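Here's the letter readout for the chains.
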Amino acid sequence: MESGERKSETETQKKPLRFWPWTISSIIFRLILIYASETLNFNLSSRPELSTPLTSLRRLAEGYWLKQSSLSPYAGSMYHGSPLLLSVLGPLTAARVGGQSSHLLFSFLFVLADFLSAILIRATGKILQSAYSQHLKLLGLGKLFKVSERLSSGDIAALVYLWNPLTVLTCVGSSTTPIENFFVVLCIYGACARLVPLAAFGLVIAAHLSLYPAVLVLPVIFLLGHGTDAPPRKLFLKKDSSKTMNPSTKIGAQHVEMTNHLLPPFSWRMVTHFLLWASFWSSYILILCAISVKQNGGLREMFKRTYGFILTVEDLTPNIGVQWYFFAEVFDFFRSFFLIVFHINILFMIMPLAIRLKHRPCFLAFVYIAISSMLKSYPSVGDSALYLSLLGLFVNELADMHFSFFLFCGYIGVNLLSPIMHNLWIWRGTGNANFYYATAMAYACFQIILVVESVSTMLNHDRMLSKLSAPEDENNK
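Small disclaimer: the values here were computed from a predicted structure and weren't measured.

Participant: Explain the overall build of the protein chain to me, please; I cannot follow it from the model alone.
Facilitator: Scanning the protein chain for helices and strands turns up 22 helices and two strands. Within the protein chain, counting contacts between residues at least 6 apart in sequence, those at least 24 apart form 76% of the total. As presented, the protein chain carries roughly 23700 Å² of accessible surface, and 65% of it is formed by carbon and sulfur atoms.

Participant: Looking at this structure, how should I read a positive patch on the surface?
Facilitator: Together, Lys234, Arg356, Arg463 and Lys467 make up a region of like positive charge exposed at the surface. As for its placement among the helices and strands, Lys234 is situated in helix 11 (residues 233–243).

Participant: Is there a simple way to explain the packing of aromatic side chains in this structure?
Facilitator: The geometry of two aromatic rings is summed up by the distance between their centres and the angle between their planes. Inspection of every chain in the model, using the stated rule, returns 35 aromatic pairs. Between Phe201 and Trp281, the ring centres sit 4.9 Å apart and the planes meet at 65 degrees, which makes this aromatic pair edge-to-face. With Phe201 in helix 9 (residues 196–210) and Trp281 in helix 13 (residues 268–292), this pair connects stretches of sequence that are 80 residues apart. Relative accessible area serves as the criterion here: at 25%, Phe201 is assigned to the partly exposed category. By relative accessible area, which is 19% here, Trp281 ends up buried. With centroids separated by 5.3 Å and ring planes inclined at 90 degrees, the aromatic side chains of Phe363 and Phe394 adopt a geometry described as edge-to-face. Taken together, the residues span a long stretch of sequence, with Phe363 in helix 18 (residues 361–375) and Phe394 in the loop between helix 19 (381–391) and helix 20 (404–427) at a distance of 31 residues.

Participant: Could you clarify how one ought to interpret the nonpolar core in this entry?
Facilitator: A general feature of soluble globular proteins is that nonpolar side chains tend to end up buried together. Counting residues in hydrophobic clusters, the biggest one holds 124 residues, and the most contacted among them are Phe363, Val367 and Phe394. Once residues lying within four places of it in the same chain are set aside, the contact partners of Phe394 are Leu128, Asp229, Cys362, Phe363, Phe366 and Met458. Judged by nonpolar contacts, the second largest core, of five residues, contains Tyr132, Leu136, Leu139 and Leu235.

Participant: Sorry, what's going on with the confidence of the model for the protein chain here?
Facilitator: Do not read the fine detail of predicted coordinates wherever pLDDT is low. Looking at the protein chain, the pLDDT average stands at 84 and 85% of residues meet or exceed 70. Low confidence marks residues 1–14, where pLDDT is under 50. Its contacts with residues over four positions away, or in another chain, come to three contacts. For the stretch residues 250–254, pLDDT sits under 50, and the model shows four contacts to residues farther than four places along the chain or on other chains.

Participant: Can you walk me through the side chain of Thr124 in this structure?
Facilitator: Assignment of secondary structure puts Thr124 in helix 5 (residues 104–138). A polar side-chain atom of Thr124 sits 2.8 Å from the main-chain carbonyl oxygen of Leu120. What Thr124 contacts, discounting residues up to four positions off in sequence, is Ile188, Tyr189, Cys192, Cys362 and Leu393.

Participant: Which parts of the structure should I look at to understand a nonpolar patch on the surface?
Facilitator: Side chains of Trp277, Phe280, Tyr284, Ile287, Leu288 and Ile291 sit close together on the surface and give an oily, nonpolar patch of about 590 Å² of accessible area. Within the secondary structure layout, Ile291 lies in helix 13. Here Ile291 falls in the exposed class, since its relative accessible area comes to 60%.

Participant: So what exactly am I meant to see when it comes to the environment of Arg233 here?
Facilitator: Inspection of the secondary structure puts Arg233 in helix 11. When the C-alpha positions of Arg233 and His359 are compared, they lie 7.7 Å apart, and in sequence the two are 126 residues distant.

Participant: Please clarify how the packing of helix 8 (residues 177–192) against helix 10 (residues 217–225) should be interpreted in this entry.
Facilitator: It is at 8 Å that the axes of helix 8 and helix 10 come closest, and there the two elements cross at 25 degrees. Taken together, the axes of helix 8 and helix 10 are roughly parallel relative to one another. Each of Cys187, Ile188, Ala191 and Cys192 in helix 8 lies in contact with helix 10, whose residues at this interface are Val220, Leu223 and Leu224. Along the lines of polarity and charge, the residues of the contact of helix 8 with helix 10 split into seven nonpolar, no polar and no charged.

Participant: Just to check I follow, could you spell out helix 19 for this structure?
Facilitator: Along an α-helix, residues three or four positions apart point the same way, because every turn accommodates 3.6 residues. Counting buried residues along helix 19, eleven of its eleven residues qualify, which places the element largely inside the surrounding structure. Taken as a whole, helix 19 has its buried residues at Val381, Gly382, Asp383, Ser384, Ala385, Leu386, Tyr387, Leu388, Ser389, Leu390 and Leu391.

Participant: In this structure, what is going on with unusual backbone geometry? I would like to understand it.
Facilitator: Glycine aside, residues mostly have negative phi, and peptide bonds are mostly found in the trans state. The phi dihedral of Ser174 falls on the positive side, at around 55 degrees, and the residue is not glycine. Within the fold, Ser174 resides in the loop between helix 7 (165–172) and helix 8.

Participant: Before we go on, may I ask you to explain helix 4 (residues 83–93) in this structure?
Facilitator: Burial in helix 4 covers these residues: Pro83, Leu84, Leu85, Leu86, Leu89, Gly90 and Thr93. Its side-chain oxygen at 3.1 Å from the backbone nitrogen of Leu84, Ser82 defines the N-terminal cap of helix 4.

Participant: What am I meant to see in the packing of helix 2 (residues 19–40) against helix 6 (residues 153–163) here?
Facilitator: The packing of two helices is summarised by the inter-axis angle and the distance between the axes. One way to put it is that helix 2 packs onto helix 6 with a least axis distance of 10 Å and a crossing angle of 15 degrees. Relative to helix 6, the element helix 2 is oriented roughly parallel. Crossing handedness for the pair helix 2 and helix 6: left-handed. Contact with helix 2, carried on its side by Phe19, Trp22, Thr23, Ser25, Ser26, Phe29 and Arg30, involves Asp155, Ala158, Leu159, Tyr161, Leu162 and Trp163 of helix 6 and no other residues of that element. Class assignment of the residues belonging to the contact of helix 2 with helix 6 gives a composition of eight nonpolar, three polar and two charged.

Participant: Whenever I open this one, the side chain of Thr177 confuses me. Can you help?
Facilitator: On the secondary structure map, Thr177 appears in helix 8. For Thr177, a relative accessible area of 0% puts it in the buried group. If sequence neighbours within four positions are ignored, Thr177 has contacts with Thr55, Thr170, Ser380, Gly382 and Asp383.

Participant: Could you clarify how one ought to interpret the pattern of salt bridges in this entry?
Facilitator: Once the charged atoms of two side chains with opposite charge are near each other, the side chains can pair. Under the counting rule described, the total for this entry stands at eight salt bridges. Residue Arg47 is joined to Glu49 by a salt bridge in which the shortest nitrogen-to-oxygen separation is 3.1 Å. One salt bridge in this structure joins Arg360 and Asp462, with 2.8 Å as the shortest N-O distance. On the criterion of sequence distance, the pair formed by Arg360 in the loop between helix 17 (332–356) and helix 18 and Asp462 in helix 21 (residues 433–468) is long-range, its members being 102 residues apart. Across the pair, exposure class does not vary: Arg360 and Asp462 are buried alike. Where salt bridges share partners, they join Arg360, Glu397 and Asp462 into one cluster.

Participant: Explanation requested: the state of the cysteines in the structure shown.
Facilitator: In this structure the tally under the stated criterion is zero disulfides. Here Cys192 is not cross-linked by a disulfide; its sulfur's nearest cysteine counterpart is in Cys362, at 4.1 Å. Judged by relative accessible area, Cys192 falls into the buried class, the value being 6%.

The rules behind the values
- Residues numbered from 1 in each chain as written.
- Predicted model: local features only at pLDDT ≥ 70, side-chain atom pairs only at ≥ 80, totals over all residues.
- Heavy atoms only, no water.
- Helix = DSSP H or I, 4+ residues; strand = E, 2+ residues; numbered from the N terminus.
- Contact = heavy atoms within 4.5 Å.
- Areas by Shrake-Rupley, 256 points an atom, 1.4 Å probe, with all protein chains shown as cover.
- Patch = residues over 30% accessible without salt bridge, like charges linked within 9 Å, V, L, I, M, F, W, Y side chains within 5 Å.
- Salt bridge = Lys/Arg side-chain N within 4 Å of Asp/Glu carboxyl O.
- Lys, Arg positive; Asp, Glu negative; His and termini not counted.
- Charge placed at Lys NZ, Arg CZ, Asp CG, Glu CD.
- Phe/Tyr/Trp six-rings, centres within 6.5 Å; stacked < 30°, edge-to-face > 60°.
- Buried < 20%, exposed > 50% of the residue type's maximum accessible area, 1.4 Å probe, protein only.
- Core = buried A, V, L, I, M, F, W, Y, C linked by side-chain atoms within 4.5 Å.
- pLDDT = per-residue confidence, 0-100.
- Polar contact = N/O pair within 3.5 Å; in protein donor to acceptor, adjacent residues only side chain to side chain.
- Axes fitted to C-alpha atoms, helices over the stretch in contact; angles between N-to-C directions.
- Parallel < 35°, antiparallel > 145°, perpendicular 65-115°, else oblique.
- Nonpolar A, V, L, I, M, F, W, Y, C, P; charged D, E, K, R; others polar.
- Left-handed = near helix turned anticlockwise from the far one by under 90°.
- Disulfide = S-S within 2.5 Å.

So, in structure tokens, the structure goes:
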């Protein structure tokens, strides 16, 4: 009887958590918050943490009104987004419910974008986890790293994205960030699944909407050329040489064949197809944009009002980034110099990280997204929600990461203090801009710690695999 009770207890403890009930609950939770914000007038769309000059729904509605009035949507300084986004989503801003303007249809679209992003993150996690287990088995380490019986890494990442308060508030706060995040996730999934047209389409649209996802070109090329994340290739070569000194033997040939199957040589054919598809989608998008802004200054005006607006940091509205306060205080004579310094910081980190993490392209994409979210001109918490969910794809590799509890508390504290400091500065008048900017600086520091610790932990994980997979003779030495 006691043994039967123990078995039943272990079975209940190992009972896997169901993914779909939690997913449906997150959708229902979003719909409830959307209805409550519409009826109680929470006015989340005015929060600088949720909405930026590029993602604000109010600015998009203003641009659509100008377009309907036969004026340029870029007239004035309100709208700075894509003309295609304006054509597709603009009519929804004019929808009325009960004779009053309502953004309910827009909010439903954001909920759908979050749901599809979570599904794609889950599918990406399955691909990465399957490849991860195969690589460990090939190294003879399959028994050391068991897959969780309750939730897989893909399920964890998807649920983190759906239930992250930052994601939920961004969805409810009338911001177009969920749509941008969807195309970024679509690009990563297409590259992991080796669906070249899909990966190129997601990358082109994401870069068209917010420019910064263009840094994902290198991770996508590595994913299509080398395949998904894997331990360093030299570990597999050492394993083959330790099995047999003569690769021409039957056993050695089998190991070499299995290694080449899981880690094929770089596929220039896939990369060429990707570049051709990216060129095709870019040309197609530019043609549509040229048609849309033909009577409003053409593509030159569009580039100036969109990408030029991002690179020159014209709008100094307070946000959770570090650039608005700096450029509000710097002398105009030095403005161009520091603009170059801020933007070139992202470019300086691309090649060193790509060289060191080329064998883990999906993790490299996470690092690039985190860095660009920290240094971009107009960041929001929706950008952080994306890379925090992608971090869940590597729960096995980053299990030994330091300062995880410290970072968790830091993110919560900063996101709670930010609206308080903003209220003290703007509404109560008992504080100043330094109060709010201090939270932005703390937020940037926590993001730096997260990136540094995650990269160092991943490299330590590779070193551990190298020690564990080393031949027995070397270990005895």
